[in-house]
Amino acid sequence: MSRESQFDVIIIGTGAGGGTLAYHLAPSGKRILILERGGYVPREKDNWNPKAVNVDAKYNTKELWRDADGKALHPHTNYYVGGNTKFYGAALFRLRQNDFGEIRHHGGISPAWPIGYDELEPYYTQAESLYQVHGNRGEDPTEPPAGKAYPWPAVSHEQRIQHLADEFRAAGLHPFHTPLGVMLDEKNPRLSPCIRCNTCDGFPCLVHAKSDAQVLCVDPAQQYPNVTLLTHALVKRLETDSSGREVREVVVQRNGVLETYSGNIVVVSCGAINSAALLLRSANDRHPNGLANSSDVVGRHYMGHTNSVLMAISKCRNPTIFQKTLSVNDFYFSSRDFEYPMGHISFVGKLDAITLRAGAPAIAPGFTLELMAKHSLDFWLTSEDLPDPNNRVTINRDGEVVLTYTPNNLEAHDQLKAHLERAMKQSNCSIHGHECHQGLFARSLYLGQRIPLAGVAHQNGTIRFGRDPKTSALDVNCKAHDLDNLYVVDGSFFPSSGAVNPGLTIMANALRVGDHLLRRLRVPIVEYAANGSKPNVAQAVVG
Ligand SMILES: Cc1cc2nc3c(=O)[nH]c(=O)nc-3n(C[C@H](O)[C@H](O)[C@H](O)COP(=O)(O)OP(=O)(O)OC[C@H]3O[C@@H](n4cnc5c(N)ncnc54)[C@H](O)[C@@H]3O)c2cc1C
Ligand code: SF4
């Protein structure tokens, strides 16, 4: 094999996990190859066009998966440099400290992680710095202890959201500012990269002001001469050596031909579903159930949260442009009325009539779709789903991804909705009093109350880490128990998922695994500067 195809580290996938890891390892001087199946999101006006993005699904993959009955599934996922962070809402939460321990839910047990919150805390701080998170510590009673203040002040509420925050607070709740990775400088609007627009959550940022893995990690990583990115490079298989202990070759389809690359260390970070699929597709004589799968857990315990978009229709108009600034965690663990965890309440980006028409929600009495869009507060509710070995990713005879999933712990989600409904009824607007709130409406009538199976935005859990090789595929460093040079750093490693968005935890863990890899490669660990920037190449290159 030529030097051009041999690397110290190969990273497969450039999203929250792979992109962050690439950035962390780039200054090491080691030869790093990044393989990404997609290209760059084209910069064009459609980036901010609700019809193109939400109705025509212009940027979604056209790949077809199957559900358990063999029915076609069009996954709402994106294959680009930066992965799904190009499209995410950039709400960047830490898991709660208790999420790392075992928690009893109404629907069963959420298992403990093999590491405690303390171990991840310094990396959460680094990730918040790298991804320029804007937030206020101390507002959210469930917030875990943090080593540092947020690097940026919280994104302010617009008037309607501020009123709602005041009403919630008057009703005894603790609304707080959602921690957000947008490069908004409210003190200096003329120079602020972010213009606080209405097309953020679910849209790529046309002006590159969203804290995504392409802009903040993959592009800066490429400034190092030791880093190579190949786009449109779909990894088809991983081949092992004859002992089965090492990944020897990474087989890539690029420009219609198969190429092979080898790395002393190979890191898979294709997203929880595609990473499991890649390991399963890489079965060989030594690994008949798929790579790293002597435990038979690869592909199992798929989780994706139970999510709903609920529109609270008020008599008051909601002219908010950037809506995702408020969250409520008062029901995250329990309440007076329900002794089990329920989950997290926050917002999606402001829904408009074009987007609503595609989902056809139940129409509130006396409203049209246009009026609903003008009056709705568009909540995003997340409850924890529990790891069930039968909820899993498999590959069918045609090589397609099959996603089998039976929802669980649904009572928690129903209770969360009921608690939100009660809070909205209690809210006392200065114009309409308690009559302001007209009811909660699911965003989509046809899709039912919850986000359907194709909504795999929060996918995780399919290659869980743990201390016991019989019940986990990865060790605590996210190295495969069964192999000496294979790591996984995307959302696959979660043994349980908490109920906040997963992005920051994936980023923080990638930094943690990155430090482990630097030690393994005998490279001194380079401290981050306070603003998240890296030292220059000359300073950093060692080994
Ligand atoms: C619309 C939307 C909104 C979201 N909002 C939030 C939010 O507000 N906060 C939050 O925390 N999270 C949010 N998420 C979830 C968040 O984006 C994901 O949790 C995160 O991006 C997952 O990171 P990952 O590294 O596991 O995978 P991804 O980011 O999906 O990256 C995987 C990468 O691997 C590539 N790839 C896949 N297979 C292969 C292969 N075989 N060969 C080569 N490359 C491959 C993909 O193209 C992709 O670039 C949102 C997601 C979506 C879709
Ligand atoms: S709100 Fe800011 S970060 Fe989000 S898409 Fe608009 S300009 Fe970009």
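Residues numbered from 1 in each chain as written. Chains lettered and ligands numbered in written order. Predicted model: local features only at pLDDT ≥ 70, side-chain atom pairs only at ≥ 80, totals over all residues. Heavy atoms only, no water.

Counting its regular elements, the protein chain contains eleven helices and 19 strands. Projected onto its principal axes, the C-alpha coordinates of the protein chain cover approximately 75 × 50 × 40 Å. Of all 543 residues assigned to the protein chain, the portion counted as buried reaches 61%. Of all intrachain contacts in the protein chain linking residues separated by at least 6 positions in sequence, the fraction that spans at least 24 positions is 73%. For the protein chain, the accessible area works out to roughly 20,900 Å², and carbon and sulfur atoms hold 50% of it. Side chains of the protein chain carry 54 positive and 55 negative charges; the gap between the two charge centres is 3 Å. (Helix = DSSP H or I, 4+ residues; strand = E, 2+ residues; numbered from the N terminus. Buried < 20%, exposed > 50% of the residue type's maximum accessible area, 1.4 Å probe, protein only. Contact = heavy atoms within 4.5 Å. Areas by Shrake-Rupley, 256 points an atom, 1.4 Å probe, with all protein chains shown as cover. Lys, Arg positive; Asp, Glu negative; His and termini not counted. Charge placed at Lys NZ, Arg CZ, Asp CG, Glu CD.)

As a further point, take the pairing of strand β10 (residues 247-254). Of the strand pairs in this sheet, strand β9 (residues 233-240) and β10 are connected by seven bridges, and their pairing is antiparallel. Counted as the bridge partner of E239 is E249 from β10. In this structure, the hairpin formed by β9 and β10 is closed by a connection of six residues, where G244 is found at a positive phi of approximately 80°. Where β10 meets strand β11 (residues 257-268), five bridges bridge the pair, whose relative direction is antiparallel. Each bridged residue has a counterpart across the sheet, and for V250 the counterpart in β11 is Y261. Counted along the chain from β10 to the antiparallel partner β11, the turn is two residues long, and its residue N255 has a positive phi close to 50°. (Pairing = 2+ DSSP bridges.)

The next subject is the pattern of salt bridges. Going through the model one piece at a time under the given rule, you end up with 22 salt bridges. Put simply, K51 and D56 hold a salt bridge, and the shortest N to O gap is 3.1 Å. Taking the relative accessible area as the measure of exposure, D56 reaches 44% and is therefore partly exposed. Across the pair D201 and K324 runs a salt bridge, and its minimum N-O distance is 3.1 Å. Here D201 is found in the loop between β7 (176-177) and α5 (213-221), whereas its partner K324 is found in the loop between β12 (306-314) and β13 (326-327), with 123 residues between them in sequence. On the basis of relative accessible area, K324 is assigned to the buried category, the value being 9%. Within the structure, one salt-bridge network assembled from shared partners comprises R94, E121, E128 and R137. (Salt bridge = Lys/Arg side-chain N within 4 Å of Asp/Glu carboxyl O.)

Surrounding ligand 2, one finds 13 residues, the nearest of these being C194, I195, C197, C200 and C205. Classifying every residue of the shell around ligand 2 by side-chain character gives ten nonpolar, one polar and two charged. (Near = heavy atom within 4 Å. Nonpolar A, V, L, I, M, F, W, Y, C, P; charged D, E, K, R; others polar.)

Here the focus is the sheet that holds strand β3 (residues 65-67). The strands that make up a sheet pair up through hydrogen bonds in the backbone, lying either parallel or antiparallel. Read from one edge of the open sheet, four strands run β4-β3-β17-β16, paired in mixed fashion. Looking at strand neighbours, the two that pair on one side only are β4 (72-73) and β16 (392-395), the edges of this open sheet. Here helix α6 (residues 272-281) sits on the sheet in contact with β3, β16 and β17 (401-404), set at roughly 40° to β16. (Axes fitted to C-alpha atoms, helices over the stretch in contact; angles between N-to-C directions.)

This brings us to the confidence of the model for the protein chain. Atom-level detail of predicted coordinates should not be read off regions where pLDDT is low. Scored by pLDDT, the protein chain has a mean of 93; 94% of the residues are at 70 or more. Contacts of residues 528-533 to residues separated by more than four positions or lying in other chains number 14 contacts, the stretch itself having pLDDT below 50. (pLDDT = per-residue confidence, 0-100.)

Attention shifts here to α6. Of all ten residues making up α6, nine are buried, and the element is well covered by its neighbours. Restricting attention to buried positions, one finds in α6 the residues A272, I273, N274, S275, A276, A277, L278, L279 and L280.

Attention shifts here to the nonpolar core. One finds I12, L35, Y131, L238 and L486 to be the most contacted residues of the largest nonpolar core, which totals 113 residues. Here the element with the most residues in this core is helix α10 (residues 503-520); it accounts for nine residues. With near-sequence residues (within four places) excluded, L238 lies in contact with I12, V247, E249, V250, V266, V268, L278, L279, S282, L291 and L486. Grouped together as the second largest cluster of nonpolar side chains are 23 residues, A165, V328, F331 and M424 included. (Core = buried A, V, L, I, M, F, W, Y, C linked by side-chain atoms within 4.5 Å.)

What follows deals with helix α3 (residues 117-130). Its 14 residues give α3 an end-to-end C-alpha distance of 19 Å, which sits within 8% of 20 Å, the value for a rise of 1.5 Å per residue. Of all the bends in α3, the greatest measures close to 25° and is centred on Y123. Burial analysis of α3 places eleven of its 14 residues in the buried class, which makes it a mostly covered element. Backbone geometry just downstream of α3 places Q132 in the positive-phi region, at approximately 50°. (Expected span 1.5 Å × (residues − 1). Bend = angle between axes of the 7 residues up to and from the residue.)

The subject of this paragraph is the pairing of strand β2 (residues 32-35). Neither face of β2 is left uncovered, since the one carrying I32 and I34 and the one carrying L33 and L35 both have all their residues buried. In terms of handedness, the path from strand β1 (residues 6-12) via helix α1 (residues 16-25) over to β2 forms a crossover that is right-handed. The pairing of β2 with strand β8 (residues 227-230) spans four bridges and is parallel. Residue pairing in the sheet places I32 in a bridge with V227 of β8. (Right-handed = clockwise from strand over helix to strand, strands pointing away.)

One open sheet holds the four strands; their spatial order is β14-β15-β12-β18, and the pairing between them is antiparallel. The strands lining the two open edges of the sheet, one partner per strand, are β14 (344-347) and β18 (437-442). Taking the axes of each pair of neighbouring strands and ignoring which way they run, one obtains an average angle of 30° across the sheet. Of the pairings in the sheet, the one linking β14 to strand β15 (residues 376-383) comprises four bridges and is antiparallel in character. In the strand pairing of β15, H344 is matched with T382. Relative to β15, helix α4 (residues 159-170) is tilted by about 60°, and along the sheet it contacts β12, β14 and β15. This element, helix α9 (residues 410-426), spans β12, β14, β15 and β18 of the sheet and lies at about 150° to β15.

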